[in-house]
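Spelled out, the chains give:
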Amino acid sequence: MAIFKYNSQRPFRGNSDLHLHYWGREQCAPGHTVGPCVRDLYKIHFIHEGTGKVAVGEETHTLQAGQAFLTYPHIVTYYAADLDTPWNYSWIAFTGEEIEHLLSKTSLSPEHPVFPMDELLMPSLYDRLTEAADRSDCLNLPLKAMMYEFFSLLLSKVPAAKDVFPIPRQKSIYVEQCLHFLHAHYCENVTMEMMSSSLRLDRKYVSALFKRTIGLPPQQYLLNYRIAKACELLTETDCTIGEISRSVGYQDPLLFSRMFKKVKGCSPKGYRLQHADNDIVL
């Protein structure tokens, strides 16, 4: 059974530098799976016992006790507990403006999200966070302190390789502009030609740079983002399927339903029925 703990305090400002939203732990059932799906935040699972696998894109990794893996926002991820020795893991879920900068100093990426746990903080992080939540009136301070302690360990555990040259800042800006464009226009009939034209860059160059940085081609990222927004509307509003379809950039509800099923494995109506009780998917 999964145990969830929530940070009841909101960030001091809208876009916090680093904010822990929730943490938890679970002894998974044999073959327990999550996804393929996308989330709006970063999430790290720490494997305490057992084994399992995580898949992102065309890369699949097998994990065992003593390892951890990171899932990125808006990147399709699938993970599953082993049938014979299912994993027992804990997790933390967080967002923040500083996270991208911190992760850029590590060797982690969407395709290579696995890293070794340290011997002290990471195995006991769930207990330490829970203890802090039980005894603190100003919850954000101790939680944030532990998160920075965690990232300090992470940077020392998986530093960026010395011989790997980071993407030049100008190229990084291009990717940020692509993301801003897609997030601003996902509800429209947007094309990759429109995006590359807005940046005054070659379409093939933009696509290659985007995939190298994000781990997905722009078209796939846009599809995943649209479907993630559609899932929010299906579970949080009473909008019709047609209204939701048009709200996420599909004028044809039949095309929307086909693309939705391609990503989620079920129809929009079926997804709404499955999540009518707002169950949390772990």
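Quick summary incoming for the structure in this document. In this text the structure is predicted, and so the values were computed from the model without any measurement. (Residues numbered from 1 in each chain as written. Predicted model: local features only at pLDDT ≥ 70, side-chain atom pairs only at ≥ 80, totals over all residues. Heavy atoms only, no water.)

1. Looking at the sheet that holds strand S8 (residues 77–81)
Judged by pairing direction, the sheet is antiparallel, and its four strands sit side by side in the order S3-S8-S5-S6 without closing on themselves. Where the open sheet ends on each side, the last strands, each with one partner, are strand S3 (33–37) and strand S6 (59–64). Between one strand axis and the next, the sheet turns through 15 degrees on average, direction left out of account. Looking at chain direction, strand S5 (residues 51–56) and S6 are connected through six bridges and run antiparallel. Across the sheet, Thr-51 pairs through a bridge with Gln-64, a residue of S6. (Pairing = 2+ DSSP bridges. Helix = DSSP H or I, 4+ residues; strand = E, 2+ residues; numbered from the N terminus. Axes fitted to C-alpha atoms, helices over the stretch in contact; angles between N-to-C directions.)

2. Considering the pairing of S8
In terms of burial, S8 is largely enclosed, as four of its five residues are buried. Taken together, the three bridges between S3 and S8 define a ladder with antiparallel strand orientation. If you follow Cys-37 over to S8, its bridge partner there is Thr-77. With five bridges joining them, S5 and S8 adopt antiparallel strand pairing. By the bridge assignment, Lys-53 is partnered in S8 with Ala-80. (Buried < 20%, exposed > 50% of the residue type's maximum accessible area, 1.4 Å probe, protein only.)

3. Re the environment of Arg-25
Turning to its location among the elements, Arg-25 is positioned in strand S2 (residues 19–27). Take Arg-25: its relative accessible area is 23%, and that puts it in the partly exposed class. Residues Arg-25 and Phe-46, spaced 21 residues apart in sequence, show a C-alpha to C-alpha distance of 9.0 Å. At 3.5 Å, the side chain of Arg-25 forms a polar contact with the side chain of Asn-88. (Polar contact = N/O pair within 3.5 Å; in protein donor to acceptor, adjacent residues only side chain to side chain.)

4. Structural notes on unusual backbone geometry
In the segment running from Gly-35 into Pro-36, the intervening peptide bond is cis, with an omega of 5 degrees. With respect to the helices and strands, the residue Pro-36 is situated in strand S3.

5. Some words on the packing of aromatic side chains
Enumeration according to the criterion identifies 16 aromatic pairs in this entry. Pairing Phe-69 with Trp-87 gives two aromatic rings, centres 5.8 Å apart and planes at 20 degrees, and the pair type is stacked. Separated by 18 residues along the polypeptide, Phe-69 in strand S7 (residues 67–71) and Trp-87 in the loop between S8 and strand S9 (88–95) bring together distant segments of the chain. What makes Trp-87 buried here is its relative accessible area of 0%. An angle of 80 degrees between the planes, with centres 5.2 Å apart, marks the rings of Tyr-186 and Tyr-225 as edge-to-face. Within this pair, whereas Tyr-186 is found in the loop between helix H4 (169–185) and helix H5 (192–199), its partner Tyr-225 is found in helix H7 (residues 218–236), the two being separated by 39 residues in sequence. Tyr-186 sits in the buried class, given a relative accessible area of 17%. (Phe/Tyr/Trp six-rings, centres within 6.5 Å; stacked < 30°, edge-to-face > 60°.)

6. Here we look at helix H2 (residues 121–135)
In H2, a bend of some 30 degrees at Asp-127 exceeds every other bend along the element. Of the positions making up H2, those classed as buried are Leu-121, Met-122, Leu-125, Tyr-126, Leu-129, Thr-130 and Ala-132. (Bend = angle between axes of the 7 residues up to and from the residue.)

7. Some details on the pattern of salt bridges
Throughout the structure, instances matching the rule amount to two salt bridges. Note that Arg-128 and Glu-149 form a salt bridge whose closest N and O atoms lie 3.2 Å from each other. You can see Arg-128 sitting in helix H2 and its partner Glu-149 sitting in helix H3 (residues 140–157), a full 21 residues away along the chain. For Glu-149, a relative accessible area of 34% gives the class partly exposed. The partner of Arg-203 in a salt bridge is Glu-193, with the nearest N and O atoms 3.3 Å apart. Taken together, the residues span a long stretch of sequence, with Arg-203 in helix H6 (residues 203–214) and Glu-193 in helix H5 at a distance of 10 residues. With relative accessibility at 45%, the residue Glu-193 sits in the partly exposed group. (Salt bridge = Lys/Arg side-chain N within 4 Å of Asp/Glu carboxyl O.)

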